[in-house]
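# Working through the structure, step by step
The residues making up each chain are set out below.
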Amino acid sequence: MPENKPMEQITKGKVINTFVSKMMADKGVEDAALKEQLESKLEEQIEQAMIRMLPDEKLVELEGMLDREASDEEIEQFFDGSGVNFEQVAQQTMAAFRSAFLGSGAEA
């Protein structure tokens, strides 16, 4: 449903923010700088997991898009059409990130 894309784009950051806030609260940690680091690290891990799921030919295609500085919308369309279930990848990555954080010291 293309009309939902802008909403998905807006809520991605909110989802990560809320997820990290809850994770930190569950561990009893309050640190704004750590929260920013965790949000950035989680987003990076999700992106890396998405890229790892791509078949080789799609990786070559993505590299070409990045080389020509494709827009965020083009990149999103590329991932949407790649055939990989990125929602599942994101959920698995977030669960692993949470487990690592809750099972560690203050940092993931």
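Anything mentioned here points back to the structure above.
Because the structure is predicted, anything quoted here is derived from the model rather than measured. (Residues numbered from 1 in each chain as written. Predicted model: local features only at pLDDT ≥ 70, side-chain atom pairs only at ≥ 80, totals over all residues. Heavy atoms only, no water.)

### Some points on the overall build of the protein chain
Looking only at helices and strands, one finds five helices and zero strands in the protein chain. Of all 108 residues assigned to the protein chain, the portion counted as buried reaches 29%. Total accessible area on the protein chain stands at roughly 7400 Å², and carbon and sulfur atoms take up 52% of it. (Helix = DSSP H or I, 4+ residues; strand = E, 2+ residues; numbered from the N terminus. Buried < 20%, exposed > 50% of the residue type's maximum accessible area, 1.4 Å probe, protein only. Areas by Shrake-Rupley, 256 points an atom, 1.4 Å probe, with all protein chains shown as cover.)

### Side note on unusual backbone geometry
Unusually for a residue other than glycine, Glu-69 sits at a positive phi of about 55 degrees. Mapped onto the elements of the fold, Glu-69 is located in the loop between α3 (56–67) and α4 (72–80).

### Section: the packing of α3 against α4
Helix-helix packing is characterised by the crossing angle of the two axes and by the distance between the axes. For the pair α3 and α4, interaxial distance at closest approach is 11 Å and the crossing angle is 175 degrees. Here α4 runs roughly antiparallel to α3, going by the angle between their axes. Contact residues: Lys-58, Glu-61, Leu-62, Met-65 and Leu-66 in α3; Glu-74, Ile-75, Phe-78 and Phe-79 in α4. For the contact of α3 with α4, the residue count by class is six nonpolar, no polar and three charged. (Axes fitted to C-alpha atoms, helices over the stretch in contact; angles between N-to-C directions. Parallel < 35°, antiparallel > 145°, perpendicular 65-115°, else oblique. Contact = heavy atoms within 4.5 Å. Nonpolar A, V, L, I, M, F, W, Y, C, P; charged D, E, K, R; others polar.)

Everything listed here is a matter of geometry and, on its own, says nothing about what the molecule does.
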